[in-house]
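In case you want the letters, here they are:
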Amino acid sequence: MMAKVKVRIPAPLQKITQNKPEVTAEAENIKELILDLEKQFPGIKDRLLDESGKIRRFINFYVNDEDIRFLNQDETQLVDGSEVSIIPAIAGGVK
């Protein structure tokens, strides 16, 4: 059953989503969510996935404030009304 979810788009990717900070998608899990976003906003998938189809190391997905790395990764299930946040990791550190 497809879930309607709200997706928060980080500023660096908003030029792909017509400058929208939030979009709606329909998907059962994160993998399908990325495919639905790609259908709506061609080019976004390449920014989120690496050549092997895995979520890029520096991109984090949260479903209702929970990091999917601690859930089921890209198989994490979505339900109607879920809120998905795409968060680019901030590079760098303390010197």
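Shown above is the structure to which this text applies.
Here's what I pulled together on the structure shown here.

Parameters and conventions
Residues numbered from 1 in each chain as written. Predicted model: local features only at pLDDT ≥ 70, side-chain atom pairs only at ≥ 80, totals over all residues. Heavy atoms only, no water. 1 Å grid on protein atoms, 1.4 Å probe; cavity = no way out; pocket = protein on both sides within 12 Å on 5 of 7 lines; lining within 4 Å. Points joined across faces, edges and corners; volume = space filled by probe spheres on them. Helix = DSSP H or I, 4+ residues; strand = E, 2+ residues; numbered from the N terminus. Nonpolar A, V, L, I, M, F, W, Y, C, P; charged D, E, K, R; others polar. Core = buried A, V, L, I, M, F, W, Y, C linked by side-chain atoms within 4.5 Å. Buried < 20%, exposed > 50% of the residue type's maximum accessible area, 1.4 Å probe, protein only. Contact = heavy atoms within 4.5 Å.

A short note on the layout of surface pockets
One way to see where empty space is left: roll a probe the size of a water molecule over the atoms.
Phase 1 of the analysis: As a volume, the largest pocket reaches approximately 180 Å³.
Phase 2 of the analysis: Surrounding the largest pocket, Lys 54, Ile 55, Arg 56, Arg 57, Ile 59, Asn 60, Phe 61, Asp 67, Ile 68, Arg 69, Gln 73 and Asp 74 form its lining.
Phase 3 of the analysis: Ranked by residues supplied to the lining of the largest pocket, first place goes to strand β3 (residues 59-63) with three residues.
Phase 4 of the analysis: Across the lining of the largest pocket, the residue classes tally to four nonpolar, two polar and six charged.

Some remarks on the environment of Gln 14
Phase 1 of the analysis: Checked against the element boundaries, Gln 14 lands in the loop between β1 (3-8) and β2 (22-27).
Phase 2 of the analysis: With 30 residues separating them along the chain, Gln 14 and Ile 44 place their C-alpha atoms 9.6 Å apart.

Quick notes on the nonpolar core
Phase 1 of the analysis: Residues Val 7, Leu 33 and Phe 61 are the most contacted members of the largest nonpolar core, which totals 24 residues.
Phase 2 of the analysis: The set of elements that each furnish at least two residues to this core consists of β1, β2, α1 (30-40), α2 (44-48), β3 and β5 (83-88).
Phase 3 of the analysis: In terms of residue count, the dominant contributor to this core is α1 (four residues).
Phase 4 of the analysis: Leave out the neighbours within four places in its chain, and Phe 61 touches Ile 30, Leu 33, Ile 34, Leu 48, Ile 55, Glu 66, Asp 67, Ile 68, Val 84, Ser 85 and Ile 86.

Any functional reading would require information beyond the geometric quantities listed.
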